[in-house]
Amino acid sequence: MRILNRLLIQSTFRYHYRTNTVKAQKKSNTFNLEYDPIKQTIIYPPELLINNKNYPTDSWTNVNPHILSRLGQNLHRQKNHPLYHLTNRIRQYFYQQKDPRKQSPKFSIIDNLSPIVTVQQNFDSICTPNDHVSRTKSMNYYINKDTLFRAHTSAHQVDLIRSGLNAFLCIGDVYRRDSIDPTHYPIFHQCEGVQLFNKEELFMENRNVRGEKDNLQIFAPNEYRDATKQEGHTLEAVKLVEASLKQTITDLFKTLFPNASTLNSRWIDATFPFTHPSWEYEIEIDGKWYELLGCGIIEQSVLENSGLGKDYIGWAFGLGLERIAMIMYGIPDIRLFWSTDSGFLSQFQFEDSTRPVQYKPVSAYPQCINDLSMWMNKTRIDPLDLYDLVRSIGGDLIEQVLLIDEFYHEKKDKHSQTYRIIYRSMDRTLTKNEINMIHKDIENHCQKQFDVEIR
Ligand code: FA5
Ligand code: MG
């Protein structure tokens, strides 16, 4: 007899206090998945309802509850998240690049496309061969044989070019069955960049000695493919596009890391089905090289799939946002990006995304959270006074104090304040009892010192 364990996997997304208020929980995908403990596999129902759409399952289905529960969190759009600050800085850099004729930003920025894509978008549209290893079930999260969680933001290249964009960034979460270590995680975020050039745009500045425009061409019929270029492309066109690509990327990193003189970087030859030639860009930190992005000259057949093959040549890159943020902020482990711990998130609560921040490790011991609500009999308490009092009683066991709610009650003619006190020891797990005693002590002192009623 087959024994089935029934798992009810409910994924609810919790939004944490990012602006000192606790927002309501947003209920999302709920899955009833059966688990076969002998085969150690999930038994999928005939259909999966994901984001209000039904997807038939089949022998390719291999999404798991962990992945499904993370869907829709959009860390890159969560205000005060390190990925939000990083994408802001990347946006600022690209917004500054103006179209010389229109004086408007050259790059459009798209950051809200659904991560559920078709096999056609993720692989076929960008010329990934049918037997390419990147298509395998073991490397991707498939919903069924035709649909998967995008493995990279390159999945949107063709649609975006087809929609009329010649220069754009596409930012989003991507999903891969990859190793898990401090720099790899099954869900991470990428920023795709694409810029296309027609003949005028590419050779605009090139004039011969008589001041006439050079008669340079992007395409030549008899050109063949070698390590430096694709068949059909002229070497001069490819070299200009390569220079634009590498200049854009090195300038971006100079902006992101203003002390870049101390930063070693290098280009490594690479291979992607959708670019040729291709490179990876690495930077060196403490003697170790970190791969930050892949890039190259877009395969002409990809542009043909977008309906633009005849007149344009272009570059594309795809950078891993976590890797950059880890270096920028000194975040030691990629899992921390998913942390809901306020000790982590509070370090990124600021408006100006260019602010330099060095992450300070949060204690490994658990937090204990207690709220303190009170009516003020006379004047409103200055939060700074309260912080001081709490710190003087709780000492180093206080990790954080937040004013999470405040209002004035007209009928009562009283102010109300609620503080959230987060306790955590740096060297041991605190007991609830111990915390309650300290919390009570804080309440008593408040009553005496500030003339308040604890609620
Ligand atoms: C790609 O995904 C290509 N689509 C990039 C590209 C775009 C090439 C356009 C050419 C033109 P790759 O698999 O190397 O390439 O991933 C790109 C970056 O994502 C890596 O350099 C790395 O920074 C990051 N990355 C890859 N896998 C992980 C992972 N498991 N966890 C965190 N970051 C990762
Ligand atoms: Mg790579």
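Residues numbered from 1 in each chain as written. Chains lettered and ligands numbered in written order. Predicted model: local features only at pLDDT ≥ 70, side-chain atom pairs only at ≥ 80, totals over all residues. Heavy atoms only, no water.

In the nomenclature of an unreviewed UniProt entry, the protein chain corresponds to Phenylalanine--tRNA ligase, mitochondrial from the organism Adineta steineri.

> With reference to specific residues and values, describe the pairing of strand β15 (residues 313-320).
Among the eight residues that make up β15, eight are buried, leaving the element largely enclosed by the rest of the structure. Because side chains alternate across β15, one face comprises the buried residues Ile313, Trp315, Phe317 and Leu319, and the other comprises Gly314, Ala316, Gly318 and Gly320, equally buried. Where strand β11 (residues 187-197) and β15 come together, eight bridges link them in antiparallel fashion. When the sheet's bridge partners are listed, Glu192 is paired in β15 with Gly318. (Buried < 20%, exposed > 50% of the residue type's maximum accessible area, 1.4 Å probe, protein only. Helix = DSSP H or I, 4+ residues; strand = E, 2+ residues; numbered from the N terminus. Pairing = 2+ DSSP bridges.)

> Kindly report on the coordination of the magnesium ion (ligand 2), identifying the contributing residues and their values.
Around the magnesium ion (ligand 2), the protein contributes the donor atoms Glu280 (OE) and Glu291 (OE), which lie 2.3 to 2.8 Å from the metal centre. A residue pair is termed long-range when its members are at least 10 positions apart, and Glu280 in strand β13 (residues 275-285) and Glu291 in strand β14 (residues 288-298) qualify at eleven residues. In this structure Glu291 comes out as partly exposed when scored by relative accessible area, which is 33%. (Donors = N, O, S within 2.8 Å, 3.2 Å for Na, K, Ca; no water.)

> Just give me the short version of the site of ligand 1, but keep the residues and values in it.
Taken together, 25 residues are adjacent to ligand 1, and His152, Ser154, Arg176, Asp178 and Glu291 come closest. Between an oxygen atom of ligand 1 and a side-chain N or O atom of Gln190, the distance comes to 3.1 Å. Backbone polar atom of Leu293 to an oxygen atom of ligand 1: 3.3 Å apart, as the coordinates give it. Protein chains shield 94% of the accessible area of ligand 1, which is 680 Å² for the free molecule. (Near = heavy atom within 4 Å. Polar contact = N/O pair within 3.5 Å; in protein donor to acceptor, adjacent residues only side chain to side chain. Areas by Shrake-Rupley, 256 points an atom, 1.4 Å probe, with all protein chains shown as cover.)

> Which residues make up the sheet that holds strand β7 (residues 116-118), and what values do they have?
Taken together, the three strands give an open sheet; going across it, the order is β7-β9-β8, and neighbouring strands pair in antiparallel fashion. The open sheet has two edge strands, β7 and β8 (142-144), and neither has a second partner. The sheet shows a mean angle of 30° between the axes of neighbouring strands, direction not considered. (Axes fitted to C-alpha atoms, helices over the stretch in contact; angles between N-to-C directions.)

> Tell me about the packing of aromatic side chains, and please be specific about residues and values.
With the rule as written, the count across this model stands at 17 aromatic pairs. Between the aromatic rings of Phe149 and Tyr175, the centroid separation amounts to 4.9 Å while the plane-to-plane angle is 40°, which identifies the pairing as tilted. Of the two residues, Phe149 is situated in strand β9 (residues 147-149) and Tyr175 in strand β10 (residues 167-175); the sequence distance between them amounts to 26 residues. Under the relative-accessibility criterion, Phe149 is labelled buried at 0%. Geometrically, the ring pair formed by Phe272 and Phe274 is stacked, given 5.6 Å between the ring centres and 25° between the ring planes. By relative accessible area, Phe274 is classed as buried at 11%. By the ring-pair criterion, three or more aromatic residues cluster together here, those being Tyr93, Phe94, Phe107, Trp315 and Phe317. Across the ring face of Trp289, the terminal group of Arg266 is positioned such that the distance to the ring centre comes to 4.0 Å. (Phe/Tyr/Trp six-rings, centres within 6.5 Å; stacked < 30°, edge-to-face > 60°. Lys NZ or Arg CZ within 6 Å of the ring centre and 35° of its normal.)

> Could you give an account of the pairing of β14, with specific residues and numbers?
Inspection of the sheet shows β13 paired to β14 by nine bridges, in the antiparallel sense. By the bridge assignment, Glu282 is partnered in β14 with Glu291. Hairpin connection, β13 to β14: the antiparallel pair is bridged by two residues, and Asp286 has positive phi, about 45°.

> Talk me through the pattern of salt bridges; I want residue IDs and the actual numbers.
According to the stated counting rule, one finds 19 salt bridges in the structure shown. Salt bridges sharing common partners tie together Arg225, Glu231 and Glu299. (Salt bridge = Lys/Arg side-chain N within 4 Å of Asp/Glu carboxyl O.)

> Describe unusual backbone geometry, and please don't skip the residues or the numbers.
Cis geometry marks the peptide bond from His276 to Pro277; its omega dihedral reads -10°. Unlike most non-glycine residues, Asn74 shows phi in positive territory, near 45°.

> So what's going on with the side chain of Asn122? Residues and values would help.
Along the chain, the position of Asn122 falls in helix α3 (residues 119-122). Residue Asn122 is classed as buried on the basis of its relative accessible area of 0%. Dropping the residues within four chain positions of it, Asn122 is found in contact with Val117, Thr128, Leu148, Arg150, Ala151, His152 and Ala155. (Contact = heavy atoms within 4.5 Å.)

> Outline the packing of helix α2 (residues 82-95) against helix α6 (residues 235-256), listing residues and values.
α6 packs onto α2 with a crossing angle of 125° between their chain directions and a minimal axis gap of 10 Å. Judged by the inter-axis angle, α2 sits oblique to α6. The chirality of how α2 crosses α6 is right-handed. Taken together, the residues of α6 that come into contact with α2 (itself represented by Leu86, Arg89, Ile90, Tyr93 and Phe94) are Gln247, Thr248, Asp251, Leu252, Thr255 and Leu256. Residue composition of the contact of α2 with α6, by class: six nonpolar, three polar and two charged. (Parallel < 35°, antiparallel > 145°, perpendicular 65-115°, else oblique. Left-handed = near helix turned anticlockwise from the far one by under 90°. Nonpolar A, V, L, I, M, F, W, Y, C, P; charged D, E, K, R; others polar.)

> Talk me through the side chain of Glu322; I want residue IDs and the actual numbers.
Tracing the sequence through the fold places Glu322 in helix α8 (residues 321-329). Among buried charged residues, Glu322 stands out as having no salt bridge; its nearest opposite-charge side chain is Arg323, 7.9 Å away. Apart from residues lying up to four places away in sequence, Glu322 is in contact with Leu83, Ile187, Phe188, His189, Ile334 and Phe337. (Lys, Arg positive; Asp, Glu negative; His and termini not counted.)

> Pulling in residues and values, what's your account of the nonpolar core?
For soluble globular proteins, the rule of thumb is that nonpolar side chains tend to be buried together. In terms of nonpolar packing, the biggest core is built from 69 residues, with Ile90, Phe149 and Phe253 touching the most fellow members. The leading source of residues in this core is α6, at eight residues. Sequence-distant contacts of Phe253, that is, excluding residues within four places in its chain, are made with Tyr281, Leu292, Leu293 and Ile324. With 22 residues, the next largest nonpolar core counts Leu389, Val390, Leu403 and Phe450 among its residues. (Core = buried A, V, L, I, M, F, W, Y, C linked by side-chain atoms within 4.5 Å.)

> Kindly report on the sheet that holds β10, identifying the contributing residues and their values.
Spatial ordering of the open sheet is given by β6-β10-β11-β15-β14-β13-β12, a layout of seven strands whose pairing is mixed. The open sheet has two free edges, formed respectively by β6 (108-110) and β12 (264-272), since each of these has just one partner strand. Averaged over neighbouring strand pairs, the angle between their axes works out to 20° when direction is ignored. Of the strand pairs in this sheet, β6 and β10 are connected by three bridges, and their pairing is parallel. Each residue of the ladder has a partner; that of Ile110, found in β10, is Cys170. Packing against the sheet, α2 makes contact with β6, β10, β11 and β15, and its axis sits at approximately 165° to β10.

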